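Report on the structure
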Amino acid sequence: MTHVITDACVDEKDASCMEECPVDCIYEGGSRMYIHPGECIDCGLCAEVCPNGAAVALRLLDPAAAAVHGPANDAFFTRVLPGRQAPLGSPGGASRLGPLDVDPS
Amino acid sequence: MTTHHPAPHHPAAHHAAAHHPRAHHPAVVDAEACSAALDRGETLPWTWYADPAITALEQERIFRRSWSYVGRTDQVAQPGQFFTCEVGGVPIVVTRDRSGGLNALVNVCRHRGAQVVREDCGTRKSLQCFYHAWTYGLDGSLRGVPRGDREADFDTSQLGLRRASVDTWGPFVFVHLDPEPAPLTEMLGELPELLAAGGIDLERMRFHHRVYYTIEANWKIAVENYLECYHCPVAHPGLADVLDVSPDAYELEVRPTFATHHGVVRDIPREAGYPVQGPVVEGQYHLVWPSLKVNVNPGQPNLSFGPVHPAGPERTTGYLDYFFGDDVDEAWIKAMLAFDDQVGAEDTDLVESVQRGASSGGVERGRLLLGSEHTISAFQRFVLGRLRED
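None of the values given here were measured: they were computed from a predicted structure.

**Let's talk about the overall build of chain B**
A count of helices and strands for chain B gives nine helices and 17 strands. For chain B, the C-alpha radius of gyration of 22 Å lies close to 21 Å, the compact-globule estimate for 390 residues. With respect to the principal axes defined by its C-alpha atoms, chain B has extents near 75 × 55 × 40 Å. Residue burial in chain B is summarised as follows: out of 390 residues, 55% are buried.

So this is what it looks like as structure tokens:
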């Protein structure tokens, strides 16, 4: 169980979470950020710094919300994004990948 | 009397006493004899000025049980701003949290003991340990622990950064390790009134710069040199040109929590190193127990403020924050600082000489003049009293 970004990030993209994340696991999509579920160490720093309350611990969400926000966050890495041939998988760092201007469809 | 010491660091400092046998801790078993010696005008034993066990005891019983000046409110004016410091050897981070609260937190991660904040100052949104990413809020509460949810009975509410006490006086921030210390105002006593009466309006003082210094001497010798002006006619000719340092004109006074000097500008001025005329008509120099120096030189509104700390039995570190009135011009500041630097350099030379002699083992203790140096006796009585406490 890790942290996820919810749709409270959509069109906000404050990016404080990206700047502060100690393991560089918060990726920038077209309209919002996404936390890599395998790279996140669950330290909670993103939740501490996000001014929009968009970064949350999955375990703290009620089951219905978790069932929505968890997959919506993870889809950035597990689905084939528009214009790409394969899922991102585990890129090993957002700064390595750079920002993308797409979101999972 | 010392105003400040931008002292050069002397890597080849003399440590002659290193080869001499020293009294082992606790030398304070001789407290009654020491007290009687102070009554006779003698000093504390010189062995107390080079003994690591005494220095450790002073850290524990003096510096960890006193309010310490640690920095300025302007360093933590905005949410997220922080600075680090030490109190009695304990690392502290002072933060301004998002609610505007001022916090003094023990800068030691509750996990493995790493220092959570390693910068001197800056702005942060949270406090995260660089070792395992334990994440604390600016108020010190533990907000996140990687893998913490896998542990049974892991109560993060009990694992926030330890809190110290913090308080302010004007632009000055003070920290005390005790969560419920005696009020800061008790330590300051009448000092705020004395400064105001001397022409220093803290509301109109602006921070100018900080000077750090190291002295190769026990911290008590540095303090004791500050506490008397018996040496001024001999060792500080520039200062003696400005102030009347004769015993009937120069006032030394012991208050419950500090000692104070007042020196008036000479009636018949000698050629002074800087323009001494101005709204501040006298020099006032205070030493708040255990080691906070508060200096005001005559002339334009000016103030330097800062502590010394033991950095070992025979090394002292300190700093002074310089403030000037908001309308004091830079040329005056430059001239006054040159004067001040000269006095500081002279004092460093004196103090390091005393250390070499005192720690040599050649003489057991010094003999004071109680008419001109009772402030030293008062300080030593304070030290002795603290070292006798459990």
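Next comes the rest of the description.
**Brief notes about the overall build of chain A**
Helix and strand counts for chain A stand at four helices and four strands. Reading the helices (α) and strands (β) of chain A from amino to carboxyl end gives β-α-β-β-α-β-α-α. For 105 residues, the compact-globule formula gives about 13 Å, and the C-alpha radius of gyration of chain A, at 12 Å, lands near that figure. Dimensions of chain A, computed from C-alpha atoms along their principal axes, come out at roughly 35 × 30 × 25 Å. Put simply, 63% of the contacts in chain A that link residues at least 6 apart link residues at least 24 apart. The positive charge centre, built from 6 side chains, and the negative charge centre, built from 15, are 8 Å apart in chain A.

**Examining the state of the cysteines**
Applying the stated criterion across every chain, the model contains one disulfide over all chains. Disulfide pairing places B:Cys229 opposite B:Cys232 at an S-S distance of 2.0 Å. Here B:Cys229 and B:Cys232 share a disulfide; its torsion about the S-S bond, -110 degrees, makes the bridge left-handed. Note on accessibility: B:Cys229 and B:Cys232 belong to one class, buried. Unpaired in terms of disulfides, A:Cys9 finds its nearest cysteine sulfur in A:Cys17, a separation of 6.3 Å. For A:Cys9, a relative accessible area of 6% gives the class buried. This cysteine, A:Cys25, is not joined by any disulfide, and A:Cys21 carries the nearest cysteine sulfur, 3.8 Å off. Residue A:Cys25 is classed as buried on the basis of its relative accessible area, which comes to 2%.

**Thoughts on the packing of helix H5 (residues 219-226) of chain B against helix H9 (residues 370-388) of chain B**
All names here are of chain B. Between H5 and H9, whose axes approach to 9 Å, the crossing angle comes to 150 degrees. Our pair here, H5 against H9, has a crossing hand that is right-handed. Of H9, the residues touching H5 (which contributes Trp-219, Lys-220, Val-223 and Glu-224) are Ile-376, Phe-379, Gln-380 and Val-383. When the residues that make up the contact of H5 with H9 are grouped by side-chain class, the tally is five nonpolar, one polar and two charged.

**What about the interface of chain B and chain A?**
If you look at the interface, chain B gives 13 residues, while chain A gives 13 residues. A buried area of about 1,000 Å², summed over both sides, lies between chain B and chain A, and 45% of it is on carbon and sulfur atoms. It is B:Lys125, B:Gln128 and B:Asp149 that lose the most area in chain B upon contact with chain A, and together they represent 44% of the buried surface on that side. Counting every contact that joins chain B to chain A gives one salt bridge. A:Glu48 is the salt-bridge partner of B:Arg143, the closest N and O atoms lying 2.7 Å from each other. There are four residue pairs in polar contact (both at pLDDT 80 or more) connecting chain B and chain A. For the side of chain B that touches chain A, a count of residues per class yields three nonpolar, five polar and five charged.

**Description of the UniProt feature "domain: Rieske" (unreviewed entry) in chain B**
Listed under "domain: Rieske" (unreviewed entry) in the UniProt record, and renumbered for this structure, are residues 67-175 of chain B. Between the end C-alpha atoms of residues 67-175 of chain B the distance is 5 Å, and the span holds 0% helix and 41% strand.

**Some remarks on the packing of helix H2 (residues 52-61) of chain B against H9(B)**
Residues and elements named next belong to chain B. Interhelical geometry of H2 versus H9 gives an angle of 85 degrees and a closest axis separation of 9 Å. Between H2 and H9, the interaxial angle falls into the category roughly perpendicular. Between H2 and H9, the residues in contact are Ile-54, Leu-57, Glu-58 and Arg-61 and Val-383, Arg-386, Leu-387 and Arg-388, respectively. In the contact of H2 with H9, the residues fall into four nonpolar, no polar and four charged.

**Some words on the side chain of B:Ser291**
All names here are of chain B. Checked against the element boundaries, Ser-291 lands in the loop between strand E14 (282-288) and strand E15 (292-296). Among the polar contacts listed, one links the side chain of Ser-291 to the backbone oxygen of Val-308, at a separation of 2.7 Å. If near-sequence neighbours (up to four positions away) are discounted, Ser-291 is found in contact with Phe-63, Trp-219, Val-223, Gly-306, Pro-307 and Val-308.

**Examining helix H8 (residues 330-358) of chain B**
Every α-helical turn comprises 3.6 residues, leaving residues that sit three or four positions apart pointing alike. Its 29 residues place the ends of H8(B) 41 Å apart at the C-alpha level, agreeing with the 42 Å of an ideal helix rising 1.5 Å per residue. Looking at where H8(B) begins, the residue whose side-chain oxygen comes 3.0 Å from the main-chain nitrogen of B:Ala331 is B:Asp329.

**Some details on the domain arrangement of chain B**
Often, the extent of an interface is quoted as the loss of accessible area on bringing the components together. Residue and element names in this part refer to chain B. Along its sequence, chain B is organised into domain 1 (16-66 + 186-388) and domain 2 (69-180). Domain 1 and domain 2 are separated by 32 Å when their C-alpha centres are compared. The interface is formed by 21 residues belonging to domain 1 together with 18 residues belonging to domain 2. Taken over both partners, the interface formed by domain 1 and domain 2 buries close to 1,500 Å², and the fraction arising from carbon and sulfur atoms is 68%. Summed over the three residues of domain 1 that lose the most area to domain 2, namely Arg-64, Leu-202 and Phe-305, the buried surface amounts to 33% of that side. Run the count over domain 1 and domain 2 and you get one salt bridge.

Thresholds, definitions, all that
- Residues numbered from 1 in each chain as written.
- Chains lettered and ligands numbered in written order.
- Predicted model: local features only at pLDDT ≥ 70, side-chain atom pairs only at ≥ 80, totals over all residues.
- Heavy atoms only, no water.
- Helix = DSSP H or I, 4+ residues; strand = E, 2+ residues; numbered from the N terminus.
- Rg over C-alpha atoms; globule rule 2.2 N^0.38 Å.
- Buried < 20%, exposed > 50% of the residue type's maximum accessible area, 1.4 Å probe, protein only.
- Contact = heavy atoms within 4.5 Å.
- Lys, Arg positive; Asp, Glu negative; His and termini not counted.
- Charge placed at Lys NZ, Arg CZ, Asp CG, Glu CD.
- Disulfide = S-S within 2.5 Å.
- Axes fitted to C-alpha atoms, helices over the stretch in contact; angles between N-to-C directions.
- Left-handed = near helix turned anticlockwise from the far one by under 90°.
- Nonpolar A, V, L, I, M, F, W, Y, C, P; charged D, E, K, R; others polar.
- Buried area = accessible area lost by both parts, 1.4 Å probe.
- Salt bridge = Lys/Arg side-chain N within 4 Å of Asp/Glu carboxyl O.
- Polar contact = N/O pair within 3.5 Å; in protein donor to acceptor, adjacent residues only side chain to side chain.
- UniProt positions renumbered as here; feature names shortened; annotations may be inferred.
- Parallel < 35°, antiparallel > 145°, perpendicular 65-115°, else oblique.
- Expected span 1.5 Å × (residues − 1).
- Domains from an automatic or database assignment.

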